[in-house]
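# Notes for the structure review
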Amino acid sequence: MTLPIPRNRDNHVRLSILVAIDPTQSSAKDWGHQLAEFEATLISVLENRPSDAEILVCHDGSYEDPFDLCAEGVRFCVPTESADEPSLIDLWQAGLAEASGRHIHLIGGGAKVTAGWSDSAQLAFESDRCGIVAGHCSTDLEQPNEEVLAGIMPGSGGGLRFADVAESRLAMPLLQGSFWRRELLVSVLEQLETTNEASLSLVASQLAVDAGWKIRFVNDCSI
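The text that follows walks through the structure, step by step, so that each part is easy to find. (Residues numbered from 1 in each chain as written. Predicted model: local features only at pLDDT ≥ 70, side-chain atom pairs only at ≥ 80, totals over all residues. Heavy atoms only, no water.)

### Let's talk about the packing of aromatic side chains
Applying the stated criterion across every chain, the model contains zero aromatic pairs. Above the plane of the ring of W213 lies R129, whose end atom (NZ or CZ) is 4.0 Å from the centre. (Phe/Tyr/Trp six-rings, centres within 6.5 Å; stacked < 30°, edge-to-face > 60°. Lys NZ or Arg CZ within 6 Å of the ring centre and 35° of its normal.)

Written out as structure tokens, the structure is:
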């Protein structure tokens, strides 16, 4: 079932949170796990929802909203002109077409946010030419030896690797968990072709930097 897309573009908000159900993981074997990760992310966002934010779920048309999320103010976005198997970029573009926020937050894949996680990120946009803001992604908040990731960077042998906090100045933000100026993200997504999420993160951020925008990492934005 394809859900209707409510339109409230006149109700401008500061932040649009795009929660995507990655269609590349929607095989019969993985779909149940993928839905569980999506719902964990969405519940986390709803529990910590900023007062100046809207939430948009981006999916390929197969999600049927069994929990009546529309009643919670969640809006649904489905690509209208894509192939049978839309990419993650297609989903984000569908969300952007319906979003009304000045800033866009991309999140999904089972990530969980903490109270006030978006506050410092939105303040960072007041800096001159700041186009992307990223926090710190912790592998497990409940473990004392958690690994805290700041982004992604080129590794040995031409591959990519995660960067830790000490390497923030050398890293590019992970797309999942990053905040963007709306117009910048629209422009960058139009230029992306790769479907690998790690490569997407690196290329998208580099396109923004090449266009003269700055990236800021903030310490008190935990995901």
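### Remarks on the pattern of salt bridges
For the structure shown, the criterion picks out two salt bridges. Ionic pairing is found between R75 and E98, a salt bridge with its closest N-O pair at 3.8 Å. Within this pair, whereas R75 is found in strand 3 (residues 75-77), its partner E98 is found in helix 2 (residues 88-98), the two being separated by 23 residues in sequence. The exposure class assigned to R75 is buried, which follows from its relative accessible area of 5%. What you see here is one network of salt bridges that share partners, running through E54, R75 and E98. (Salt bridge = Lys/Arg side-chain N within 4 Å of Asp/Glu carboxyl O. Helix = DSSP H or I, 4+ residues; strand = E, 2+ residues; numbered from the N terminus. Buried < 20%, exposed > 50% of the residue type's maximum accessible area, 1.4 Å probe, protein only.)

### Description of the pairing of strand 5 (residues 130-138)
Counting buried positions along strand 5 gives nine out of nine residues, so the element sits mostly inside the fold. Relative to strand 9 (residues 214-222), strand 5 is paired through five bridges, and the arrangement is parallel. Counterpart to A134 in the pairing with strand 9 is F217. Sheet topology note: the strand 5/strand 8 (residues 179-181) ladder contains two bridges and is antiparallel. Within strand 8, the position partnered with V133 by the bridge is F179. (Pairing = 2+ DSSP bridges.)

### Quick look at empty space enclosed by the protein
This model, assessed by the stated rule, comprises one cavity of 30 Å³ or more. When its volume is computed, the largest cavity comes out at roughly 50 Å³. As for the largest cavity, its lining consists of A134, G135, C137, L149, A150, G151, P173, L174, Q176, G177 and S178. Among the elements of the structure, strand 5 and strand 6 (148-154) are those that each provide at least two residues to the lining of the largest cavity. (1 Å grid on protein atoms, 1.4 Å probe; cavity = no way out; pocket = protein on both sides within 12 Å on 5 of 7 lines; lining within 4 Å. Points joined across faces, edges and corners; volume = space filled by probe spheres on them.)

### Observations concerning the side chain of H103
Mapped onto the elements of the fold, H103 is located in strand 4 (residues 103-108). Not counting chain neighbours up to four residues away, the residues in contact with H103 comprise R14, L15, S16, Q122, F125 and W180. (Contact = heavy atoms within 4.5 Å.)

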